[in-house]
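Structural overview for review
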Amino acid sequence: MNFRKNFTNILILLAAACVMLPLKAQQPLSLQQLLQAMSSNYELLKQQSSLVQARKAAVKATRFDRLPALNTMLQATVNSDNNVEGAYQSYGMIPSVVSGVRAQSNLTVASGIDAIMDLNWEATNFGEYKAREDLSKSDLLVQMNALASTQYDLEGYASAYYLELIRQYDLQMVQKDNVLRLQQLKTSIDALVKSGVRPGVDSAVASAELSKSLVALYQAQTNLAKTKVQLSNLTGLGTGQLNPDTTAESKINKDGAALAFSITADTVHHPYLNLYSSVYDQSRARLKLEKSSYYPKVFVDADAWGRGSSINGADQYNSNLAVGYEPGRFNYLVGLTMTYDIFNIAHKRLNSSIYRFQADAAFHQLENEKASLNSDVQQALLEKDFQITRLSETKHQLDEAASAYGQQLSLYTNGLSSVIELNTAQDYYIQAQRDYVEAKVGLMKSVLNYSLVTNTFTTLLQTIKL
């Protein structure tokens, strides 16, 4: 007796363990976990992050634009030395400059060496350096806000997929409950048919309805599996890890709704407004740089060079060419150079108007986004009111449909109604269940959408631990 009791207890413990194992393996997925997984697997977000790093490097590089240019050159040549009197404009086409001016051409070979060190420093350009740095910083800010906007878009995608996962799961549960209910109903009808209370056609109708409900269940299961496959591709998570949180509805529609519509909206710092505002600042920085590029420029020049030649001062060619590779003359030059194109006044007026109009366009784009965002907030509030009313009425619809089905089942069992009337009541009940699922998801969607457009999404997630 004791052995049998202990054996039974062991079987109960094993059964409990078998039940607990899948529950432990199938932990519900939170929206924050989904968003984190999508962020780490979203290539566009990685691209934007890399572009931010590139812009940071550009800002650092721009700070070194003030460095001077220090060039060195050492050139050894074998050449002829013939020239004539008179000036010329080289236009970069004359290969070399020779100094020997003679009555006739002399092609005797001569050797020579040139060693040059040239320092050129744009000491001041009257604000162009700073304008370049400001533009580089504004480019960085635009890229950082573009990254934030991409993250914001990703939050919207993650929310939509998360709600779709819950929706498909709930619709599957509706079909599963319907199958169980029809299986029980068919068993009862078969018993009534065997006892002669009901005709055999009722059993056939019940069997057809059960097959119909099974097909609907298989379709719902397939839709849920497809949603999981899509999420798996987006997140890198296995489909077994993508289990919806059945408590999400309560968190969002009760706690979340109360919180979302009470938090002060922060549209001033909305990612889209930040992006368009930085684009406007970037266009103004580009306009400022364009104007600065036409200011005068002051250069510090310093040069030192040495030269050697196998032709001496008396115009005599030395047959020992090695002599020409020894520097015989040294010179230096230090000076200030200011350059200014007189026609810059016209260039500045013409070209600056291009960037001025671009800045105006960026400003109007910013104002349009402000108006659009304000409209989105107002529409989100209207959508919330509708979804709350819809959920209330759909809950009433579900309760009445369940009551009607129960009454119709009682009438059928007592022989007071037909199986067709019972199926009609059942169809109403199933449709009410589906409508209720859609209404619940609709309200969840309106809550999350409102938090997105009002820039309170992160606060909402962290507060209700979604």
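Refer to the structure presented above.
Residues numbered from 1 in each chain as written. Predicted model: local features only at pLDDT ≥ 70, side-chain atom pairs only at ≥ 80, totals over all residues. Heavy atoms only, no water.

**Some details on helix α3 (residues 43–62)**
For the α-helix, the turn length of 3.6 residues means that residues three or four positions removed from each other point alike. Its 20 residues give α3 an end-to-end C-alpha distance of 29 Å, which sits within 8% of 28 Å, the value for a rise of 1.5 Å per residue. All of the buried residues in α3 are Leu45, Gln48, Val52, Val59 and Thr62. Angular distribution of buried residues about the axis of α3 spans 95°; they occupy a single face of the element. Opposite the packed face of α3, turned more than 90 degrees from it, sit the exposed residues Glu43 and Lys60. Here the buried face of α3 lies against α2 (31–41) and α4 (128–194). (Helix = DSSP H or I, 4+ residues; strand = E, 2+ residues; numbered from the N terminus. Expected span 1.5 Å × (residues − 1). Buried < 20%, exposed > 50% of the residue type's maximum accessible area, 1.4 Å probe, protein only. Arc of directions from axis to C-beta. Contact = heavy atoms within 4.5 Å.)

**So, the pairing of strand β3 (residues 110–124)**
Here strand β2 (residues 69–79) pairs with β3 via 11 bridges, running antiparallel. By the bridge assignment for β3, threonine 77 is matched with glycine 112. (Pairing = 2+ DSSP bridges.)

**Comments concerning unusual backbone geometry**
Phi at phenylalanine 126 is positive, roughly 60°, even though this residue is not glycine. Tracing the backbone shows phenylalanine 126 in the loop between β3 and α4. By relative accessible area, phenylalanine 126 is classed as partly exposed at 45%. For lysine 465, which is not a glycine, the phi torsion comes out positive at approximately 55°. Here lysine 465 is to be found in the segment after α10 (457–464).

**What about empty space enclosed by the protein?**
This structure, assessed with the given rule, holds one cavity of 30 Å³ or more. Approximately 30 Å³ is the volume found for the largest cavity. Lining the largest cavity, in full, are Leu182, Leu185, Lys186, Ile189, Ala206, Glu209, Val419 and Asn423. It is α4 that contributes the most residues to the lining of the largest cavity, four residues altogether. Among the residues making up the lining of the largest cavity, the classes are represented as five nonpolar, one polar and two charged. (1 Å grid on protein atoms, 1.4 Å probe; cavity = no way out; pocket = protein on both sides within 12 Å on 5 of 7 lines; lining within 4 Å. Points joined across faces, edges and corners; volume = space filled by probe spheres on them. Nonpolar A, V, L, I, M, F, W, Y, C, P; charged D, E, K, R; others polar.)

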